[in-house]
Amino acid sequence: MPIPTAGPTVLIDGAAIARRIRAEVAADVAARFPDPDRAPTLATVLVGDDPASAVYIANKRRAVREAGLRDEHRALPATASQAQVAAVLDELAADPGVSGILLQLPIPAGLDAPSLIDRIPVGKDVDGLTTASAGLLARGEAGLRPCTPSGVIALLDAEGVPLAGASAVVVGRSELVGRPMAQLLLQRDATVTVAHSRTRDLAEVTRTADVLVVAAGRPGLIGAEHVRPGATVIDVGIHRTPSGLTGDVRRAEVDGIAGRITPVPGGVGPMTIAMLLVNTVRAADRAAPGR
Ligand code: NAD
């Protein structure tokens, strides 16, 4: 059998693709909601004063306003009780002027995140993390999908990567990324394998992938030995190091082997916010079909 050779690796410019999606959302909102007070509304809820969460929320709120969407925000102190957070979520759930609700995670220890998330009505669940949304996804029914994995699908589509019949390997099985990622790839008719911390020979599994999505949260986990020549590699990992942000993939090693790869930063990260905007408009449209 001939030894497969690969050409130069193409960098997938997630920042540019995300900018394009955000501009499309903004144009759609401007055309359909001439009165800014009636535009779809994203309500963000922040509990406590975790500095990273404050930055993430500020970025999301800025993107919401830049797209012409309405930005509502509720901040609660780290000492807030389960009942107090629940009351804020219930108020937003009942407000017909609120299209989508996002509870920024993680929330302070002592609060029960799953039961708070599940107070968000499925139609307003723009993070796609409620039990109801996960159930719709697992059954392949229409619903709002988690932003990071749907951003990965949008990247693959923008690059024209074929998914039907392709071998896709997802490294990671979290509720937030790995599991919904596998479901979305399955829905697109890929042959999906999920690898995780107990997988016996990770490289043997990942080398079967035409599309390799890495969401392990382990810096530099994936190197040359894990990648089939010509594969598309999507690096979801984000790690802050003294020399800047890095991912789960040793990029320098994989360059020249992978067919395409997402950089960190500038790959999957910007897509997560873009998909949050898409989901907010979708939630508003589903609440008022035919508007
Ligand atoms: P997590 O810790 O909840 O899950 C990690 C998963 O990886 C687990 O299922 C675990 O089984 C698997 N894993 C861990 N070590 C492994 C190993 N050695 N081999 C194989 N599998 C292994 O993390 P998460 O919330 O899914 O996030 C994963 C990464 O993605 C993190 O770096 C996170 O910062 C990043 N992330 C990025 C975005 C974005 O917008 N780009 C969004 C969410 C998460």
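Along each chain, the written sequence defines residue order, and numbers are assigned to residues from 1. Whole-chain, interface and lining totals are the exception, using all residues; otherwise, since this is a predicted model, local features are given only for residues with pLDDT of at least 70 and side-chain atom pairs are given and counted only at 80 or more. To get the side-chain values, all heavy atoms of the structure are used, and hydrogens and water are removed first.

It is worth spelling out the sheet that holds strand 2 (residues 41–47) at this point. What makes two strands pair is DSSP finding at least two bridges between them. A helix here means a DSSP run of H or I that spans at least four residues, while a strand means a run of E at least two residues long, and both kinds are numbered starting from the N terminus. In space, the 3 strands of this open sheet follow the order 3-2-4, with parallel pairing throughout. Both outer strands of the open sheet, strand 3 (70–76) and strand 4 (100–103), are each paired with one neighbouring strand and no more. Geometrically, the sheet is characterised by an average inter-axis angle of 15 degrees between neighbouring strands, direction not taken into account. Alignment of strand 2 against strand 4, held across 4 bridges, turns out to be parallel. Counterpart to Val 45 in the pairing with strand 4 is Leu 103. Here helix 3 (residues 82–94) sits on the sheet in contact with strand 2, strand 3 and strand 4, set at roughly 165 degrees to strand 3. The axes are straight lines fitted to the C-alpha atoms, using for helices just the contacting stretch, and the angles between their N-to-C directions are given from 0 to 180°. We call two residues in contact whenever any of their non-hydrogen atoms come within 4.5 Å of each other.

One can find Gly 178 in helix 7 (residues 178–187). When neighbours within four sequence positions are excluded, Gly 178 is seen to be in contact with Val 170, Gly 172 and Arg 173.

The next thing to look at is the pattern of salt bridges. Criterion for a salt bridge: a side-chain nitrogen of Lys or Arg within 4 Å of a carboxyl oxygen of Asp or Glu. Per the counting criterion, the structure on display carries 17 salt bridges. With a closest N to O distance of 3.9 Å, Arg 179 and Glu 175 form a salt bridge. To sort residues, take the accessible area from a 1.4 Å probe on protein chains only and compare it with the maximum for the residue type: under 20% means buried, over 50% means exposed, and anything in between is partly exposed. On the accessibility criterion, Arg 179 (45% relative accessible area) is partly exposed. Classification of Glu 175 by relative accessible area gives exposed; the value is 58%. With a closest N to O distance of 2.6 Å, Asp 210 and Arg 228 form a salt bridge.

What follows is about the site of the ligand. Near is defined per residue: the residue qualifies when any heavy atom it owns lies within 4 Å of the molecule or strand. Taken together, 22 residues form the shell around the ligand, and within it Arg 173, Ser 174, His 196, Ser 197 and Thr 272 come nearest. Polar contact criterion, stated in full: a pair of N or O atoms within 3.5 Å, where within protein one must be able to donate a hydrogen and the other to accept it, and residues adjacent in sequence count only if both atoms are side-chain atoms. Separating an oxygen atom of the ligand from a backbone N or O atom of Ala 216 is a distance of 3.4 Å. Compared with its free state, where it exposes 860 Å², the ligand has 73% of that area covered by protein. For this classification, Asp, Glu, Lys and Arg are treated as charged, while Ala, Val, Leu, Ile, Met, Phe, Trp, Tyr, Cys and Pro are nonpolar and the rest, including Gly, are polar. A class-by-class count of the residues in the shell around the ligand yields 10 nonpolar, 10 polar and 2 charged. Surface accessibility follows the Shrake-Rupley procedure with a 1.4 Å probe radius. Residue values consider only the protein chains on display as shielding.

Moving on, we get to the side chain of Thr 41. As for its position among the elements, Thr 41 is in strand 2. Polar contacts involving the side chain of Thr 41 include one to the side chain of Arg 70, which spans 2.9 Å. With near-sequence residues (within four places) excluded, Thr 41 lies in contact with Arg 70, Glu 72, Gly 97, Val 98, Ser 99, Gly 100 and Thr 280.

Right, let's get into the pairing of strand 5 (residues 167–171). Among the 5 residues in strand 5, 5 count as buried, and that is most of the element. Residues Ser 167, Val 169 and Val 171 line one face of strand 5 and the alternating positions Ala 168 and Val 170 line the opposite face, and both faces are buried. Here strand 5 runs beside strand 6 (residues 191–195); their pairing, made up of 5 bridges, is parallel. Bridging across to strand 6, Ser 167 finds its partner in Thr 191. Taken together, strand 5, helix 7 and strand 6 constitute a β-α-β crossover, and its handedness is right-handed. Orient the strands so they point away from the viewer, and a crossover whose first-strand-to-second-strand path over the helix runs clockwise is right-handed.

What follows concerns the nonpolar core. Buried residues of nine kinds, namely Ala, Val, Leu, Ile, Met, Phe, Trp, Tyr and Cys, make up a nonpolar core once their side-chain atoms join them within 4.5 Å. Membership of the largest hydrophobic core comes to 50 residues, with the highest contact counts inside it found for Ile 21 and Leu 185. Mapped onto this core, the elements with two or more residues apiece are helix 1 (14–32), strand 2, helix 2 (51–66), helix 6 (147–158), strand 5, helix 7, strand 7 (211–214) and helix 10 (269–287). If you tally residues by element for this core, the top one is helix 10, at 9 residues. Excluding residues within four positions of it along the chain, Ile 21 makes contact with Ala 154, Met 271, Ala 274, Met 275 and Val 278.

Before going further, it helps to spend a moment on the sheet that holds strand 6. Here 6 strands make up an open sheet; going across it, the order is 1-11-8-7-5-6 and the pairing parallel. Each edge of the open sheet carries a strand with a single partner, namely strand 1 (10–11) and strand 6. Contacts from helix 7 reach strand 5, strand 6 and strand 7, with the element oriented near 170 degrees to strand 5.

Without other data, these values stay purely geometric and don't point to any function.
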